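Residue-level structure breakdown
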Amino acid sequence: MSQLSEVDIRNVVSEVLAQLQSSGGTVSAPTIKSRPGRHGVFEDAATAAKAARGGFEQLKKKGWAGRAKVIEIVKQMCSDNAERWGKIEFEETKIGRLDHKIGKLYGIKNVLGTEYLTPYGMSGDAGITMEESAPWGVIGSITPVTHSVPTIAGNIVNMVAAGNAIVVNPHPGGAACAAIAIHEFNEAIKAELGIENLICTIEKPSLDSFNELCASPDVNLLCITGGPAVVDAAMKTGKRAICAGPGNPPVVVDDCSALDFDKVAKDIIFGGGFDNNLLCIGEKQIIAVGDSYKLTLDALKRQGAVLLTKQQTEAIKKEVFDIKDGGGGCSHAVLNRAYVGADASKLAAIAGLKVDPKTEMLITETDPDDLFVVEEQMMPLLPIVRAGCFPDAVRIAKESEHGYKHSAMVHTMNVKNMTIMGQAMDTTLFVKNGPCTAGLGMGGEGYISFSIATTTGEGITTPRTFTRFRRCTLVDNLNII
Ligand code: NAD
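Residues numbered from 1 in each chain as written. Predicted model: local features only at pLDDT ≥ 70, side-chain atom pairs only at ≥ 80, totals over all residues. Heavy atoms only, no water.

Across the six residues of strand β4 (residues 138–143), six count as buried, placing the element largely inside the fold. Residue alternation in β4 divides its side chains into two sets, Val138, Gly140 and Ile142 and Ile139, Ser141 and Thr143, and both sets are buried. Pairing analysis gives six bridges linking β4 to strand β5 (residues 165–170), with the strands arranged parallel. Its bridge partner being in β5, Thr143 is matched across the sheet by Pro170. In this structure, β4 lies alongside strand β7 (residues 221–225), joined through four bridges in parallel fashion. Across the sheet, Gly140 pairs through a bridge with Leu222, a residue of β7. (Buried < 20%, exposed > 50% of the residue type's maximum accessible area, 1.4 Å probe, protein only. Helix = DSSP H or I, 4+ residues; strand = E, 2+ residues; numbered from the N terminus. Pairing = 2+ DSSP bridges.)

See below:
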C-alpha cells in the first residue's frame, strides 16, 4: 500500500503555497452553490434516504467491480479537485489552514477499499463453510465541520467498498462544500456506472434532519463523527451506531537525555499545529518530565513556537472560553467557536501580541487543571505542564484525556515507559516518538481514516467496520481433497 508520508504532505503543502503565491496569494474559491433535488443533494432526510436505498440496489447489481470503480473515481476526484474543494471548504468553514485542507484530500488515496475485505473459508470432513462481509444497506453518516469533505470522502471509500450506499447529514457549517463534492461524485459515478444517488446529502442539515435520518426505515446503520453531544444523541436513537467521538490527546515527553528535543518539538508542532489543531488526534497538551520540561520548551521556541506570558494566556482564555453558570454553584467552560481552528496570530492578537502570521504554534506554561489542558480546545495554543516523574506525567495525561480512549503520544527512549503509558492510557491510537499523524499512516506505517470509532470501540474505521458478518455452510464432503 502506498504511504502518504510527512515528507509527502510537506511537499504537497509547499507546492500549494507556491501556486497560491504565483496567483497573487489569493484564496478566493468559486461561488458556493449547492444544487438541490438531483445528483444526491436533497431537501429532506427521508427523501435522501429513500434515494440512497435506490442507489444501494443499483450498486448491488454492479458487483465487486462496481464498488472498486466507485472507489477509484472518488480517490481520483479527491486528488484532482484537492485544491478547488480545499478552497471551497476553507472559504465556507473559515477554520484551519488551506494548505492542510488540501493535504487531507490528497490523503484520501490511502483509505482502505475492497482489497481489505477477504472472506474466511473452512473446509473439512463435514463440508465447506464461508464467512463473508455483507453490506448493511444504507448508512447514515454524520460528519464534523473540522474536516467536512475529507470525512465524507473517506467514509464513501470504506462504506462503498463494503457494498453500502450513504446519506450524509453534514455539519451545517460545512454543508455547502459537502453538497458540491457529493453532487460531483454522483455525476461521475452515474456517467461511468449508471448508478444514481449512491451518496446523498441534505442541503440544509439540522437537528430535525438528524432525527429524521435516524428514524428512517431506509437507514440501517449510523456512523457518527463528532463531539460528545452528537454521540449521546445517536446512542439514544436505538439504531446501531458506530461512534467516532471526541478526544483530548496528551503528549508526554520523558526525562530522557537520549531524545533529540528539536525533533520532539518539530513533531509536536507538526501534529498539534496541523490544520490549526483541528485534528481529533492532534496533540492538545504537553506534559514534560523533570529536566525535559526546559529542554522541550527551549526546543519548541527554536522551532518557531511563541511562548505566551501568564498575563497574555489569561487574556486569550477570557476570550476563547465562555464560563457558563451550571447552577448549584457549578460552572463550566464553553468554547467560543469563533476561535476554533483560528490562526496562532489571531489568538495572539487577542492579548495584543503581534506575531509573524506564519507562526504555527503558541505555547504557555500551565498547571494540569488549566482550561487549556482539560478542554478539547482545537486551537494552535498548547499548554505545557511540568511533571516530577514519569508515573506522575502518565497520571496527568490520563486525567486530561477524560477516558475518551482516543489518542495519546509519548517521546521516550525508555521502552518500559512506553509500555507503562500505553497500558495506562488504553487509547485507540498510541504513537511513540512521532507526531500524532504517524498513527494514521502520515509519517508512520498504516492506513488513514477520518472516522476513528473510539466511543464504540471499532477503532480506525475500515471497510470491515461497515459490514455484517454472514456465514454460508455447504454440508457434505464435497471438497477436492
Ligand atoms: P460537533 O459535535 O459540533 O458536530 C459534529 C456533527 O454532529 C455535526 O454534523 C453536527 O451538526 C452534529 N451535531 C452536533 N450536536 C448534535 C446533536 N445534539 N444532535 C444531533 N447532531 C448534532 O463537532 P465538530 O465541531 O463538527 O467536530 C469536532 C469534534 O468532533 C471534536 O470533538 C472532535 O474530537 C470530534 N471528531 C472526532 C473524530 C474521530 O474520528 N473520533 C474525527 C473528527 C472529529
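Once that is clear, we can look at the site of the ligand. Near the ligand, the surroundings consist of 30 residues, among which Thr143, Gly227, Arg337, Glu376 and Ile452 are the closest. Thr143 places a main-chain nitrogen or oxygen 2.8 Å from an oxygen atom of the ligand. Here an oxygen atom of the ligand sits 2.8 Å away from a polar atom, N or O, in the main chain of Gly227. In the complex, 87% of the free accessible area of the ligand, which totals 840 Å², lies under the protein chains. When contributions to the shell around the ligand are tallied by element, the ones reaching two or more residues are β4, β5, α7 (207–215) and α8 (228–235). For the shell around the ligand, the element with the highest residue contribution is α8, accounting for three residues. Across the shell around the ligand, the residue classes break down as 16 nonpolar, twelve polar and two charged. A domain split of the shell around the ligand shows at least three residues from each of domain 1 (27–245 + 461–473) and domain 2 (250–445). (Near = heavy atom within 4 Å. Polar contact = N/O pair within 3.5 Å; in protein donor to acceptor, adjacent residues only side chain to side chain. Areas by Shrake-Rupley, 256 points an atom, 1.4 Å probe, with all protein chains shown as cover. Nonpolar A, V, L, I, M, F, W, Y, C, P; charged D, E, K, R; others polar. Domains from an automatic or database assignment.)

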